[in-house]
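Overview (structure and organization)
If you want the building blocks of each chain, they are given just below.
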Amino acid sequence: CLPANQERFANGKLATVQFHPSAQVVMTAGHDRSVSLFQVDGIRNPRIQSIYLESFPIYKACFSVDGEQVIATGTHHKMFFVYDMMSGSIIPIQKVRGVEERFLRSFEVSPDGSFMLLTGTSGYLHLLSMKTKELISAMKVNGRCTASAFTPDSSKIYSYSKEGEVFIWDVRSRKCLHKFEDEGSLEGKCIAVSKNNQYVACGSASGVVNLYTTDVCLKEKRPKPVKAIMNLVTSATCVTFNPTTEILAVASRETDEAVKLV
């Protein structure tokens, strides 16, 4: 296939590549302060448009579940941008009331499209309404939170701490239902829940990715992984399941070609 973004290569590192939830469109965003959309036809992959965010290198960008918005956070900013694709307007969210953070970088959007979860410092997690972008509630893990994932039905959140513990939250009550230790983890890096809610994958700084069944995670303090995936030799920075839960992708951004499909 041709490069998806051949009509406009980025001038800096790409931080995000994501397919649109329903259209044949791919988005790229990164350190050159721009978000670009391309029509994927496999022949020319024409560029639909690019938006430029002045002095705002992008840390992460993500489509909303309905595919009508793009949310982008910066590398060193406490604000974030919402790009409305229907109206073509770029809306800066200067400050979320009740969120006292120096930087807002990492975030997740719930699968049902109603919540946005911002990862703060000192273990704080800020749950926002996707519709209004206002704070609903804050939760706090012991230590520092490095990654979070919603369950497919958006009822629970798994938060992975730097200390290797996983906290399971109830979205409705914002109470911690359970916490467990990720086996052998010295530093948590990334987490994913499979689309059928059967598995949880935890990737750590040593490169080991532990695969657990969700029922064990909800009951035991020290669950045994179904499988420990040892193929990465540098820190695991990304884990993700395919839609049918048959393949798990594990990757490390610290070395070239460190992408494994399990």
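Note that the structure is a prediction, hence the values are computed from the model and not measured. (Residues numbered from 1 in each chain as written. Predicted model: local features only at pLDDT ≥ 70, side-chain atom pairs only at ≥ 80, totals over all residues. Heavy atoms only, no water.)

**Side note on the overall build of the protein chain**
- For the protein chain, the count of helices and strands is one helix and 23 strands.
- By the compact-globule yardstick of 18 Å for 262 residues, the protein chain fits well, its C-alpha radius of gyration being 18 Å.
- Judged by the C-alpha coordinates and their principal axes, the protein chain covers about 50 × 45 × 30 Å.
- Within the span of the protein chain, comprising 262 residues, buried residues form 48% of the whole.
- Within the protein chain, counting contacts between residues at least 6 apart in sequence, those at least 24 apart form 40% of the total.
- Put simply, the protein chain shows about 13300 Å² of open surface, and 50% of that area lies on carbon and sulfur atoms.
- One finds the centroid of the 30 positive side-chain charges in the protein chain at a distance of 5 Å from the centroid of its 26 negative side-chain charges. (Helix = DSSP H or I, 4+ residues; strand = E, 2+ residues; numbered from the N terminus. Rg over C-alpha atoms; globule rule 2.2 N^0.38 Å. Buried < 20%, exposed > 50% of the residue type's maximum accessible area, 1.4 Å probe, protein only. Contact = heavy atoms within 4.5 Å. Areas by Shrake-Rupley, 256 points an atom, 1.4 Å probe, with all protein chains shown as cover. Lys, Arg positive; Asp, Glu negative; His and termini not counted. Charge placed at Lys NZ, Arg CZ, Asp CG, Glu CD.)

**Regarding the packing of aromatic side chains**
- Evaluation of the coordinates by the stated rule reveals three aromatic pairs.
- A ring pair is formed by F56 and F81, whose centres lie 4.8 Å apart and whose planes are at 90°; its orientation type is edge-to-face. One end of the pair, F56, is in the loop between β4 (47-52) and β5 (58-63); the other, F81, is in strand β7 (residues 80-84), with 25 residues separating them in the sequence.
- For F56, a relative accessible area of 1% translates into the label buried.
- Its relative accessible area of 14% is what places F81 among the buried residues.
- With centroids separated by 6.4 Å and ring planes inclined at 20°, the aromatic side chains of F167 and W169 adopt a geometry described as stacked. Each member of the pair F167 and W169 is classed as buried.
- Positioned above the aromatic ring of F107, the side-chain terminus of K60 is 4.9 Å from the ring centre.
- Taking NZ or CZ as reference, K140 lies 5.5 Å from the ring centre of Y124, over its face. (Phe/Tyr/Trp six-rings, centres within 6.5 Å; stacked < 30°, edge-to-face > 60°. Lys NZ or Arg CZ within 6 Å of the ring centre and 35° of its normal.)

**Regarding the pattern of salt bridges**
- Going through the model one piece at a time under the given rule, you end up with nine salt bridges.
- A salt bridge links K224 to E183, with the nearest nitrogen and oxygen atoms 2.5 Å apart. Taken together, the positions of K224 in the loop between α1 (214-219) and β20 (227-229) and E183 in the loop between β16 (176-181) and β17 (188-193) put the pair 41 residues apart, joining distant regions of the chain.
- The salt bridge involving E187 is made with K189; its shortest N-O contact spans 3.7 Å.
- Taken together, the shared-partner salt bridges in this structure form one network comprising K162, E187 and K189. (Salt bridge = Lys/Arg side-chain N within 4 Å of Asp/Glu carboxyl O.)

**Some thoughts on the sheet that holds strand β6 (residues 69-74)**
- Taken in spatial order, the four strands of this open sheet run β5-β6-β7-β8, and their pairing is antiparallel. Both outer strands of the open sheet, β5 and β8 (89-93), are each paired with one neighbouring strand and no more. Direction aside, the axes of adjacent strands within the sheet are offset by 20° on average.
- The pairing of β5 with β6 spans five bridges and is antiparallel. If you follow C62 over to β6, its bridge partner there is I71. (Pairing = 2+ DSSP bridges. Axes fitted to C-alpha atoms, helices over the stretch in contact; angles between N-to-C directions.)

**Points about the pairing of strand β3 (residues 34-39)**
- Of all six residues making up β3, five are buried, and the element is well covered by its neighbours.
- Taking the residues that link successive antiparallel strands as the turn, the strand β2 (residues 25-30)-β3 hairpin has three residues, and the phi of R33 there is positive, at about 70°.
- For β3 and β4, the ladder comprises five bridges, and the chain directions are antiparallel. Opposite S34, over in β4, you have Y52 as the bridge partner.

**Some points on the nonpolar core**
- Among the nonpolar cores identified, the biggest contains 17 residues, and M27, V35, L37, L53, I58, A61 and V70 are the most heavily contacted of them.
- Contributions of two or more residues to this core are made by β2, β3, β5, β6 and β7.
- Filtering out sequence-adjacent residues up to four positions away, L53 remains in contact with R33, I58, A72, F81 and I90.
- In terms of nonpolar packing, the next biggest core, distinct from the first, is built from 14 residues, I71, V109, M116 and M130 among them. (Core = buried A, V, L, I, M, F, W, Y, C linked by side-chain atoms within 4.5 Å.)

**Observations concerning the state of the cysteines**
- This structure, assessed with the given rule, holds zero disulfides.
- C62 forms no disulfide, and the closest cysteine sulfur to it belongs to C238, at a distance of 13 Å.
- Free cysteine: C145, not disulfide-bonded; nearest cysteine sulfur from C176 at 12 Å.
- Residue classification places C145 among the buried residues on the basis of a relative accessible area of 8%. (Disulfide = S-S within 2.5 Å.)

Coordinates in, geometry out; function isn't part of it.
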